[in-house]
Amino acid sequence: MLSNSISENELGFVFRGIHSRDFGLKITSIGDSIMPTLTDKVQDVPAIIGDVLQGVDIQSKTINIGVRIVDATSYQDLEERKHEIANWLMPNGNNEDPLTLDILPRWEFYAHVNATFGATDSLYNSSFTIPFSCTDPHTYSQQKRYAINGYNLAIGVGDSVSVTNGKLYDVQDELKVKHLEPLQLDFDYTATASFSVVVAETDQDGTKHSQTLVTINAGSGNYKGSIAAITQMGDMDGIELDVRSTAAVTISNFKIYYANQNATGRLVDESFEKVNDDLVTINDDTTVTIHDDKSNATSYPLFTLVAPTKLTKIAIADNSGNDNYVFLGSETDPDAEAQITDNMPRVLWDRCNTMATWKNFDSNNKPTFNLENGVIGKGAAIDSTSNFIRPKLDKKDHYMFGTPFVKRKWNGAGGSHPALPEPLSEWKFTVRVEIYCRDPRSMGKLELYMLDQNQARMGKVMLKDNSNSRDVVLEVELGTHDTRTHVSTYGTKYKGKTSKKTLKVYKGGKKTTKRVTYRSGGKTKKKTVVQYVTKKRTTRTASSTFTNWYGNISVSFIGNKLSVSAMKLNSKQANVWAKPITMTKTLSDADVAKYVGGRKLDSFATYMAKYPITEDLSAPLIRYKNDYMRLDDLKVWKVINGGTSEASSPMPICDPGDEIKIATEDGTVYRNGEPFNSLNGHQIKAIGSNITGLALEDNGAKTYSFYPSTALGCWQIDQRHVMD
């Protein structure tokens with residue numbers, strides 16, 4: 001807060017998540033138009049007086065907010081604040097951003113500034129009116145998320161599991177956050193000896209920690225109850241649920257979730273983890289009814305399913321008798337038993353949040369292949385956080401790319417991944433990576449090498465910032481260092497500005513001093529100065545589609561075809577683009593023999609590096625911002641019979657832990673943040689599906705049925721009220 005005369009409780013507004021008081025703004029007026037702009041649609045009919053009304057066009061809503069900058073300390077301070085405010089309010093493409101007025105603290109508009117405005121200045125103060133326009137005239141409440149029967153944190157819940165002193169289930173990432181209570185446990189069991197359910201965690205160094213959640217005597221039945229908060233155990237990476245017993249224990253219908261009490265047949269409000277049936281209720285037949293009496297306009301629930309097991313179909317139906325539904329599934333034969341045949345099973349899911357599955361390249365673990373013009377210097381290493389793999393940081397938070405820098409080589413760190421369960425002739429993998437260009441002069445690259453059954457190089461995915469600009473290229477190749485074929489793209493390239501950067505370095509490359517004579521106070525004096533020279537280096541701000549990249553890159557080799565798909569994501573792992581960039585290359589049989597031969601995909605390695613520039617090689621070393629590079633997620637699928645599915649054996653459309661989102665506002669379906677319309681050539685969404693028809697009109701109630709059943713506790717509903 002910049003102004004002492006503005007209290008923390010003073011009314012203002014929040015735009016783009018920043019409060020007006022953070023800019024020292026005092027509100028003088030709020031002109032919130034009661035209604036949006038209305039325009040008659042009329043038809044002029046000759047020979048009659050007047051027009052024929054054909055409806056009213058409801059357009060955007062205007063909100064004019066009068067403000068005054070107060071308590072600036074100088075004219076310079078006042079001008080700096082004006083520029084900061086202009087940057088805060090400047091429209092960003094076609095986007096509108098959340099606007100909340102403190103007089104309506106729990107409601108949001110989506111707005112943009114639609115006109116220039118002048119300011120009236122007085123001594124260190126400035127007054128002006130900000131013209132906001134909302135193309136959507138509605139206002140929305142804060143979004144609430146409800147977990148049906150409690151959001152289940154266990155992955156792979158479905159069929160009964162029989163375990164003796166071993167792993168029961170993996171646990172969703174939500175259990176890694178520090179908020180680890182309150183927790184509920186609910187499961188059916190049969191056991192011939194007493195057993196304990198244990199939560200366990202394995203550190204990066206292989207140390208295993210565990211904590212007993214509940215101990216149960218021999219017998220059979222159902223356990224429902226609260227369990228003690230899970231204490232912090234090591235790094236909290238690789239969390240799983242285990243069973244400890246001297247005999248086999250059969251567990252079924254297992255659920256572990258956040259709630260203040262047992263949620264069987266009820267909803268949990270995930271904002272404060274309490275059972276709450278005010279907005280949504282679960283009926284005796286496992287259908288769900290949404291009551292939205294606070295809306296006076298159509299509201300759009302968002303349905304989320306976290307797959308408890310492999311699923312061949314997903315469905316939601318409106319039980320109001322109007323035939324609105326959504327059905328997702330592969331082809332089925334009604335005359336054949338629907339037996340699951342997965343022609344693209346997932347064989348690896350590495351969340352890249354632990355070094356337990358990566359081994360650093362060093363003198364004891366040298367790369368088994370040629371790095372692309374790269375070296376691994378002393379001290380270079382990769383490291384993990386709870387979210388990604390990256391180059392290790394030193395005590396000053398600088399990437400450890402190795403020392404000393406080698407000229408005209410990429411200098412970096414890397415590591416190898418364990419082998420897959422089996423070498424794959426046909427395969428698909430998706431890697432989520434990040435590269436952010438923080439200084440136009442910096443050059444960096446992130447590579448994921450594909451290794452064959454002999455740990456030799458058989459391909460590569462690369463994002464490379466290879467020039468004195470912010471251009472980043474995506475390149476995917478098949479083959480070895482010497483014999484390879486590839487596809488690559490910058491996407492769209494954008495022109496930037498070219499300028500000069502002045503560097504001050506030691507004269508001759510080493511620190512030397514010189515005695516110089518100067519005049520001071522009328523006297524001649526001498527002093528010792530360090531001898532410097534200046535160098536001017538070009539810097540360009542040109543960029544491309546892959547500049548500041550965060551997203552998924554999918555690569556498959558099926559038959560003779562190399563296919564690549566790149567989809568940009570946001571911080572919530574939802575898609576930013578309407579559709580991915582795709583590239584394909586069909587190889588001849590001779591090309592397959594040349595570039596693939598008998599090599600099968602067996603493992604991976606990564607390399608993250610920088611290319612030293614003048615700043616790195618000068619004396620003294622000149623610090624600048626290196627490119628951020630991160631490896632976030634890696635999934636691999638085995639392709640069987642070309643990945644196609646027989647009609648009599650529907651293939652799974654999702655794996656355990658996959659997140660399926662069904663948005664009633666625009667009818668879009670997402671799987672793990674990406675649009676989900678087809679799978680291996682099959683259309684996923686059935687003809688006749690009408691997702692937008694599942695929305696709630698005005699303040700009515702609507703009842704839905706779900707497949708899989710809500711009894712599994714794997715569905716969530718996001719809902720926000722809408723007002724005209």
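A brief look at the structure comes next. Keep in mind the model is a prediction, meaning the values are calculated, not measured.

### Side note on the sheet that holds strand β23 (residues 274-275)
Logical step 1: One open sheet holds the 8 strands; their spatial order is β23-β22-β12-β57-β26-β51-β52-β53, and the pairing between them is antiparallel. Only two strands of the sheet have a single partner each, and these edge strands are β23 and β53 (674-675).
Logical step 2: Pairing geometry for strand β12 (residues 144-148) and strand β22 (residues 267-269), over 3 bridges, is antiparallel. Bridge pairing links Y146 to D269 in β22.

### Looking at the side chain of D655
Logical step 1: Residue placement: D655 occurs in the loop between β50 (628-638) and β51 (659-663).
Logical step 2: In this structure the side chain of D655 is engaged in a polar contact, spanning 3.3 Å, whose partner is the side chain of W637.
Logical step 3: Setting aside residues up to four positions removed in sequence, D655 forms contacts with A307, T309, K310, D342, R346 and W637.

### Regarding the state of the cysteines
Logical step 1: Applying the stated rule across the entire model yields 0 disulfides.
Logical step 2: C714 takes part in no disulfide bond, and the closest cysteine sulfur to it belongs to C654, at a distance of 9.7 Å.
Logical step 3: Assessed through its relative accessible area of 3%, C714 is described here as buried.

### Re the packing of aromatic side chains
Logical step 1: As enumerated under the stated definition, the model contains 28 aromatic pairs in all.
Logical step 2: Here Y506 and Y532 contribute two aromatic rings whose centre-to-centre distance is 5.6 Å and whose plane-to-plane angle is 35 degrees, an arrangement assigned as tilted. In this pair, Y506 is assigned in strand β41 (residues 498-506) and Y532 in strand β44 (residues 532-540), connecting sequence segments 26 residues apart.
Logical step 3: A residue is classified by how much of its surface remains accessible, and Y506, at 15% relative accessible area, is buried.
Logical step 4: The class of Y532 is partly exposed, set by a relative accessible area of 37%.
Logical step 5: Taken together, the ring pairs in this structure connect Y169, F187, Y189, F195, Y223 and F254 into an aromatic cluster.
Logical step 6: One Lys or Arg, K313, reaches over the ring of Y707 and ends 4.9 Å from the middle of that ring.

Criteria and cut-off values
- Residues numbered from 1 in each chain as written.
- Predicted model: local features only at pLDDT ≥ 70, side-chain atom pairs only at ≥ 80, totals over all residues.
- Heavy atoms only, no water.
- Pairing = 2+ DSSP bridges.
- Helix = DSSP H or I, 4+ residues; strand = E, 2+ residues; numbered from the N terminus.
- Polar contact = N/O pair within 3.5 Å; in protein donor to acceptor, adjacent residues only side chain to side chain.
- Contact = heavy atoms within 4.5 Å.
- Disulfide = S-S within 2.5 Å.
- Buried < 20%, exposed > 50% of the residue type's maximum accessible area, 1.4 Å probe, protein only.
- Phe/Tyr/Trp six-rings, centres within 6.5 Å; stacked < 30°, edge-to-face > 60°.
- Lys NZ or Arg CZ within 6 Å of the ring centre and 35° of its normal.

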